[in-house]
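Remarks on the overall topology
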Amino acid sequence: MTWRVPELAAYLNRLASFTRLVIFDKRGTGMSDRTVDVPTLETRMDDVRAVMDAAGCACPVILGISEGGPMSVLFAATYPDRVAGLILLSTCPRPVWAPDYPYGESSDDYDRWTRRAVDAWSSAEGLDEMISELYPGYDGENRRAMAEYLRQAASPGAVAALDALNKEIDVRDVLPSVRAPTLVMCLTKSSEVVVKGSSFMSDRISGAKLAEIAGSGHAPTRENVDAIVAEVERFVLSTKARPSDRDDLQRMLATLLFTDIVGSTMHATRLGDRAWRELLARHHAIVREELVRFRGHELDTAGDGFFARFDGPGRAVRCAQSVVTRVRELGLEVRAGVHTGECELFEQKVGGIAVSIGARVAAQADAGEVLVSGTVRDLVAGSGITFDDRGTHTLKGVEGEWRLFAVSAVD
């Protein structure tokens, strides 16, 4: 269907003239199963790695368009050794307004756009009007082909579900952790959400270049495709260094989990040394089973506590919640803390301020509670995990105030 839209096909062929081009879209759309849940950013990252491996793309330049931008940001920060360069086109770090982010649209406006999109799927006139706004350079043939493409790509229900998840996306905290060479592009007459959001991203990604392309709409069209492709080509051809040649690979984005048995000294005194060691062994076995289940990597075990690393915040939260639940069978209560941040890697160990923050978050948790930082809460949108706001806290030895959230339910 992509290749039936003349202008879209021409754009992709131009990219393929100087690259090996692999096109990927999220599960639940196109020819993939429609029965799956709406994919979270974490799931989309897993799928990107699967596509890269299947296609033999060891270390490509990744181009993320629109809602693909935040996922590409998260991927580049989490897997720096798999990304030679990052291109972000017509995207933003979050789509809706917040007190500390005035560039997004209001929640009501976002919801109105979603309802309009869903309604347009059953109206030829409505969909043609939307396409004219997003692709203002498209003539009648291109608009008709794009309308057919969109209807085949997703159902109205899928559009509503995807828009609901995308509304919660927020990768602002991740931007400083992107170390790959980065090009941010936007059309100067695009929405303020995209124009301001693109500037925000380029300012916070170290060394990023912002290319403002004359034109309107949300994607390449005849009036701007030459300028867009020229920028992409210059960037791709200048990105010669593979990640293994860069000196920034000792830093990466990771999700850290800390757990600790509540009242361990009391238990040890009550049970005696031998019985306590046996109970502790059973506790350790449960934690390690859950780490394997959720793809966590054990980094350290100090007495009755665990320190582990994950490549996705959703898996870390689910692992923590499962540990808290399972160890109750042993008559134990565990507190857990989860934080996502940039870490330093050295000799298979992890260090940096993110480790201190994760440990301090765990220390704030009550017995049987999983406490997470605001960064984690923002990154697990659509994952079926809900939280209770625990307000702002000062963390010992860490500057500033930190907003913390307690896991209230895990679907």
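So, a few notes on the structure that sits alongside this text. (Residues numbered from 1 in each chain as written. Predicted model: local features only at pLDDT ≥ 70, side-chain atom pairs only at ≥ 80, totals over all residues. Heavy atoms only, no water.)

Re the overall build of the protein
In terms of helices and strands, the protein carries 14 helices and 12 strands. Dimensions of the protein along its principal axes, counting C-alpha atoms only, are 80 × 45 × 40 Å. The buried share among the 411 residues of the protein stands at 51%. For the protein, the accessible area works out to roughly 19,000 Å², and carbon and sulfur atoms hold 49% of it. (Helix = DSSP H or I, 4+ residues; strand = E, 2+ residues; numbered from the N terminus. Buried < 20%, exposed > 50% of the residue type's maximum accessible area, 1.4 Å probe, protein only. Areas by Shrake-Rupley, 256 points an atom, 1.4 Å probe, with all protein chains shown as cover.)

As for helix α5 (residues 124–134)
Inspection of α5 places G126, L127, M130 and I131 among the buried residues, and these make up the whole buried set. End-on view of α5: buried residues confined to an arc of 135°, all on one side of the axis. Looking at α5, the residues exposed on the side facing more than 90 degrees away from the buried face are A124 and E125. (Arc of directions from axis to C-beta.)

Quick word on the environment of E289
By the secondary structure assignment, E289 is in helix α11 (residues 273–293). Residue classification places E289 among the partly exposed residues on the basis of a relative accessible area of 43%. Here the alpha-carbon distance between E289 and A153, two residues 136 residues apart in the chain, equals 39 Å.

What about unusual backbone geometry?
Positive phi, normally seen in glycine, also occurs at S90, with a value near 50°. Its identity as a non-glycine residue notwithstanding, R295 has a phi of 60°, on the positive side. Mapped onto the elements, R295 comes out in the loop between α11 and β6 (297–302). We classify R295 as partly exposed; its relative accessible area is 35%.

A few points about the pattern of salt bridges
Going through the model one piece at a time under the given rule, you end up with 38 salt bridges. Residue R4 is joined to E148 by a salt bridge in which the shortest nitrogen-to-oxygen separation is 3.7 Å. Taken together, the residues R4 in the segment before α1 (6–16) and E148 in helix α6 (residues 140–153) connect sequence positions 144 residues apart. On the basis of relative accessibility, which here comes to 54%, the residue R4 falls in the exposed class. Overall, the relative accessible area of 38% leaves E148 in the partly exposed class. A salt bridge links R49 to D46, with the shortest nitrogen-to-oxygen separation between them at 3.0 Å. In this pair, R49 and D46 are both assigned in helix α2 (residues 41–55), 3 residues apart and thus about one turn of the helix distant. Here D46 falls in the buried class, since its relative accessible area comes to 18%. By sharing partners, the salt bridges in this structure join E42, D46, R49, R295, D311 and R315 into a single network. (Salt bridge = Lys/Arg side-chain N within 4 Å of Asp/Glu carboxyl O.)

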